[in-house]
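If you want the building blocks of each chain, they are given just below.
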Amino acid sequence: EDKVVQSPLSLVVHEGDTVTLNCSYEVTNFRSLLWYKQEKKAPTFLFMLTSSGIEKKSGRLSSILDKKELFSILNITATQTGDSAVYLCAVENAGGTSYGKLTFGQGTILTVHP
Amino acid sequence: DTGVSQDPRHKITKRGQNVTFRCDPISEHNRLYWYRQTLGQGPEFLTYFQNEAQLEKSRLLSDRFSAERPKGSFSTLEIQRTEQGDSAMYLCASSSGAGFYNSPLHFGNGTRLTVT
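Reference entry: report on the structure contained in this document. (Residues numbered from 1 in each chain as written. Chains lettered and ligands numbered in written order. Predicted model: local features only at pLDDT ≥ 70, side-chain atom pairs only at ≥ 80, totals over all residues. Heavy atoms only, no water.)

Let us look at the state of the cysteines. Across all of its chains, the model carries two disulfides over all chains by this definition. Covalent S-S linkage joins C23(A) and C89(A), the inter-sulfur distance amounting to 1.9 Å. With the S-S dihedral at roughly -70 degrees, the linkage between C23(A) and C89(A) falls on the left-handed side. Here C23(A) is found in strand β3 (residues 19-26), whereas its partner C89(A) is found in strand β9 (residues 85-93), with 66 residues between them in sequence. One disulfide bridge connects C23(B) with C92(B), the sulfur atoms lying 1.9 Å from each other. What sets the handedness of the C23(B) and C92(B) disulfide is the S-S torsion sign, and at about -70 degrees it is left-handed. In this pair, C23(B) sits in strand β3 (residues 19-24) while C92(B) sits in strand β9 (residues 88-95), placing the two residues 69 residues apart along the sequence. Owing to a relative accessible area of 0%, C92(B) belongs among the buried residues under this scheme. (Disulfide = S-S within 2.5 Å. Helix = DSSP H or I, 4+ residues; strand = E, 2+ residues; numbered from the N terminus. Buried < 20%, exposed > 50% of the residue type's maximum accessible area, 1.4 Å probe, protein only.)

What follows is the structure, given as structure tokens:
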């Protein structure tokens, strides 16, 4: 069974700090790893990673995948209070006839204080 | 707004009643998914449609759950004889894909179900 473990489960920082969120996974047939940000409602898409060692970047957020070590990190630099949210990591299994069948981790709750 | 739309936003029902939720995906997306999320957990996969065909159902989906996607557009998720354990956020997502390629899933705001 596919599995995703995120750490830490929660993190409290002050504005301007840099944070690193971790995601380790086990999947029988890897297709992609995705990061989502969830505030009160819908998870919103951040990154999709398929290749090892290639950093994806969007503003202050960046992510990288290590397919050998089955690991990904999400970095947020110069954090702002608007970054407060749950960050979800998910893996997509390439097996069978299904696409988009994601296995999510429990999430990391990030709280950024002013 | 051309995102994924779900209705209703909240539903409170008594145990034993039937409920039905609706999802309207992003119009050009051919793939549609239902997930369930309980407090403090990540979403769990329930079922997947490609166009109107339901291609996979999770073992989490008991016989009381049924989903349809007539004509490959909107989808409905029905829960019969609701139980308190069904209380959760039901998320719909959609994506576009052909063959091996699949775009990232875009989620709706969910329907929060409370069974009393």
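Okay, the interface of chain B and chain A next. Each partner contributes residues to the interface: chain B has 25 residues there, and chain A has 22 residues. Between chain B and chain A, roughly 1,900 Å² of surface is buried when both sides are summed, and carbon and sulfur atoms account for 55% of that area. Remark: the boundary between chain B and chain A carries one salt bridge. The salt bridge involving E56(B) is made with K101(A); its shortest N-O contact spans 2.5 Å. (Contact = heavy atoms within 4.5 Å. Buried area = accessible area lost by both parts, 1.4 Å probe. Salt bridge = Lys/Arg side-chain N within 4 Å of Asp/Glu carboxyl O.)

Right, let's talk about the sheet that holds β3(B) for a bit. Residues and elements named next belong to chain B. Across the sheet, four strands lie side by side as β1-β3-β8-β7; this open sheet has antiparallel pairing. A strand with exactly one partner marks an edge of an open sheet, and here the two such strands are β1 (5-7) and β7 (65-68). Strand-to-strand twist of the sheet, defined as the mean angle between neighbouring strand axes without regard to direction, takes the value 15 degrees. Where β1 meets β3, three bridges bridge the pair, whose relative direction is antiparallel. Pairing of Q6 across the sheet is with C23, part of β3. (Pairing = 2+ DSSP bridges. Axes fitted to C-alpha atoms, helices over the stretch in contact; angles between N-to-C directions.)

What follows covers the sheet that holds strand β6 (residues 56-58) of chain A. Residue and element names in this part refer to chain A. The five strands lie next to each other as β1-β3-β8-β7-β6, forming an open sheet whose pairing is antiparallel. Strand pairing shows two members of the sheet lacking a second neighbour, β1 (3-7) and β6, which therefore form its edges. Recorded for the sheet is a direction-independent mean angle of 15 degrees between the axes of neighbouring strands. Here β1 pairs with β3 via five bridges, running antiparallel. Counted as the bridge partner of K3 is E26 from β3.

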